[in-house]
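Take a look at the letters that make up each chain.
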Amino acid sequence: MSNRLQYETSPYLLQHKDNPVDWYPWCEEAFLKAKSEDKPIFLSIGYSTCHWCHVLAHESFEDTEIAGLLNQYFISIKVDKEERPDIDSVYMSVCQAFTGSGGWPTSIFMTWEQKPFFAGTYFPRTTRGGRIGFRELLITIHEKWQQDREALLQQSERIVEHLNKSDLADGAASRQLVHSAAENYEHLYDSKYGGFGQAPKFPTPHNLLFLLGYYERYKKASCLNMAEHTLLQMYRGGLFDHIGFGFCRYSTDRIFLVPHFEKMLYDNGLLILAYCKGYVATKNSLYLEIAEKTANYLIEEMADPKGGFYSAQDADSDGEEGKYYLFTPDEILKVLGKEKGEAFNRHYGISKKGNFEGKNIPNRLAGSLEDKALEAFLPQLKSYRKKRHTLHLDDKILTAWNSLVIGALCELYLAGKKEQYLQAAMEADAFIQKYLLEKDSLFVSFCKGKRGVRGFLDDYAGYIFAQLALYRATLKQEYLNRAERLCRKVMTDFSGSGGGFYLYSRESEELILHPKETYDGAIPSGNSLMAYNLVRMSMLTDDEKYQKAAEEQLNFLGTDAERYPPGYGMFLTAFLEYLEPPMKVTIVPDEQENRENLPLTIPPYAVAVLLQHPTAEYPLKDGKTTYYVCRNHSCLPPVHALTDEVRQP
């Protein structure tokens with residue numbers, strides 16, 4: 001018998017519709033029932049491609065005894081973190097406060113007033129290895145609820161009071177911060193294997209964007225070296241799928257060989273940005289090639305026919321992590337034949353001994369990357385792999401993640417001038433406009449014909465980022481106009497006392513906390529992305545309103561970033577743009593000029609503005625299309641063409 005989740009659209013919730021647990025989605029009915037039956041609430045938060053969510057579900061939520069305890073003593077609520085990032089943010093803070101760390105699945109016990117009194121992540125079914133079992137935990141909490149509820153409620157009040165206290169101080173972002181950040185990255189850098197810190201190693205592409213931007217402005221060779229070494233090692237190892245392309249979630253080891261095999265849309269979008277930036281900074285065509293391979297993976301495997309991009313592919317196949325991606329040498333020989341197969345095995349590190357649980361993750365950690373002859377066999381192996389096993393696909397289309405991909409595809413188009421990437425970006429944007437945008441209000445998600453709740457800061461910040469990227473790639477005024485309208489909405493609906501922007505607006509459901517997220521984790525925070533957007537808007541419009549808003553936002557974030565600069569890579573990138581602006585090109589077109597061709601002449605690193613007609617400040621020179629170029633806080637004489645001399649950053 002299915003539970004209430006059978007009526008939901010989220011792939012994660014639908015994975016649990018046949019559990020014997022009497023699940024509720026997040027809804028008023030669940031809280032009212034908990035109150036009327038005098039029961040605490042068990043809140044479980046995860047996502048459909050989360051490996052440990054699967055393990056917890058199999059061990060406990062599919063178990064009739066555990067389900068019986070939950071159904072008898074608790075009201076159980078299941079939440080997809082990607083559909084409700086507001087709930088996830090609030091209760092992840094709770095989990096971190098209780099345990100000192102966080103992660104998914106997130107397991108919260110709370111009152112019907114949504115106030116938490118216990119939190120954790122994964123619990124085994126029964127106690128083992130020093131970790132309390134889920135069965136024992138449920139019994140203990142039930143007994144505590146019955147016998148000493150006051151202690152639980154006092155703890156709940158203390159944790160909510162603690163989390164609602166803001167400890168951000170007022171101040172101004174210091175120029176020294178970007179230099180301190182570069183030094184911090186050097187201390188964290190793994191000079192032997194690339195990346196930062198020890199295992200596990202996450203890609204965090206926005207950190208690489210900062211290092212490359214810092215190198216461009218200050219020519220510090222170590223920043224370029226750190227970024228390039230990391231870009232190369234991430235590609236060489238098993239983090240990159242050498243058969244079907246695209247990047248996995250993170251590396252479980254120091255050398256980037258063994259990934260956590262799930263593929264997330266946002267990782268791949270941000271990595272396209274990082275590799276494009278690497279190409280622009282170095283002109284090494286390998287980085288452009290990697291960016292294009294990653295984009296091709298998204299377009300071939302993650303694109304909805306209507307234009308949007310799906311959220312994720314699972315790490316597990318047939319209940320085994322990574323099974324889809326692993327090969328034995330004999331399999332390769334069977335598909336390619338002895339001679340070609342042996343050459344392929346040597347080239348991609350595939351051996352009888354194996355490099356992961358007796359099998360092999362194809363990789364390029366050894367040897368030269370210049371030999372590409374064996375890539376001709378990849379389609380055969382990709383086809384064989386698809387027939388061998390299947391991957392679960394989370395087919396939610398998320399506004400925030402799609403927006404990052406739109407921005408990345410625009411950058412890829414500007415870097416390599418291939419129209420298919422701009423086309424894919426415009427199709428994804430059209431999807432958002434049709435299904436996820438109503439007037440100037442965004443929605444979080446679209447799945448199975450239904451859209452989710454009203455958008456959060458990440459959705460608006462991401463979509464403004466996408467609109468600015470589309471404007472840069474096309475110089476079509478509609479994108480800049482939309483970015484301006486949405487910026488004004490964020491500044492009105494998400495702002496509050498003390499600077500910065502709240503995660504959710506006045507239009508959204510009120511929760512026990514009203515967070516302002518600033519940390520740039522796997523994804524840049526909405527506040528950091530808004531700092532970048534406001535800096536860009538101030539450059540594009542010369543409007544004092546955006547100049548002031550950008551400065552206030554940078555100051556708000558700078559105070560927080562002082563504590564640990566490497567945790568604020570996207571903010572640092574925005575701050576760099578503010579301190580050392582890129583070249584600005586203002587184009588005044590002759591009425592006879594074909595405007596469709598104009599973007600092709602703009603350097604990929606420049607801020608470009610296409611005026612609709614000449615002005616007193618920007619007149620036509622000799623009646624022809626005129627370019628006004630400003631860089632290094634000074635302006636050059638107007639010209640009719642961007643020569644190599646003018647185009648130099």
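Attention in this report is confined to the structure presented alongside it. Computed from a predicted model, the values in this text were never measured in an experiment.

### Overview of the overall build of the protein
Helix and strand counts for the protein come out as 23 helices and 21 strands. Computed over the C-alpha atoms, the radius of gyration of the protein is 26 Å, within 12% of the 26 Å expected from 2.2 N^0.38 for a compact globule of 649 residues. Each principal axis of the C-alpha distribution contributes one length, and for the protein these read about 85 × 70 × 45 Å. Buried residues in the protein amount to 59% of all 649 residues. Counting only contacts in the protein whose residues sit at least 6 apart along the sequence, the fraction spanning at least 24 positions is 68%. Looking at the protein as shown, the accessible area adds up to about 26,100 Å², and 49% of this sits on carbon and sulfur atoms.

### Digging into empty space enclosed by the protein
Remark: the empty space left among the atoms is shown by a probe the size of a water molecule rolled over them. What the rule picks out here adds up to four cavities of 30 Å³ or more. The volume enclosed by the largest cavity comes to roughly 70 Å³. Lining of the largest cavity is provided by G238, F240, D241, H242, I243, C248, P259, F261, Y325, I361, P362 and R385. Residues belonging to the lining of the largest cavity are distributed by class as follows: eight nonpolar, two polar and two charged.

### Observations regarding the sheet that holds strand β19 (residues 607–610)
The strand order across the open sheet formed by four strands is β19-β18-β20-β21, and the pairing between neighbours is mixed. The sheet is open, and its two edges are formed by β19 and β21 (634–635), each paired on a single side. Alignment of strand β18 (residues 584–588) against β19, held across four bridges, turns out to be parallel. The residue of β19 that forms the bridge with T586 is V609. Against the sheet, helix α20 (residues 526–541) touches β18 and β19, its axis set at about 45° to β19.

### What to know about the pairing of strand β2 (residues 41–46)
Within β2, six of the six residues are buried, leaving the element largely enclosed by the surrounding structure. Burial along β2 is two-sided: I41, L43 and I45 and F42, S44 and G46, pointing in opposite directions, are all buried. Sheet topology places β2 next to strand β3 (residues 75–80); six bridges connect them, and they run parallel. Of the residues in β3, the one forming a bridge with G46 is D80. As paired elements, β2 and strand β4 (residues 106–110) share five bridges and run antiparallel to each other. Bridging from a neighbouring strand, I45 pairs with T106 of β4.

So, how was this worked out
Residues numbered from 1 in each chain as written. Predicted model: local features only at pLDDT ≥ 70, side-chain atom pairs only at ≥ 80, totals over all residues. Heavy atoms only, no water. Helix = DSSP H or I, 4+ residues; strand = E, 2+ residues; numbered from the N terminus. Rg over C-alpha atoms; globule rule 2.2 N^0.38 Å. Buried < 20%, exposed > 50% of the residue type's maximum accessible area, 1.4 Å probe, protein only. Contact = heavy atoms within 4.5 Å. Areas by Shrake-Rupley, 256 points an atom, 1.4 Å probe, with all protein chains shown as cover. 1 Å grid on protein atoms, 1.4 Å probe; cavity = no way out; pocket = protein on both sides within 12 Å on 5 of 7 lines; lining within 4 Å. Points joined across faces, edges and corners; volume = space filled by probe spheres on them. Nonpolar A, V, L, I, M, F, W, Y, C, P; charged D, E, K, R; others polar. Pairing = 2+ DSSP bridges. Axes fitted to C-alpha atoms, helices over the stretch in contact; angles between N-to-C directions.

Function cannot be read off these values alone, since they describe shape.
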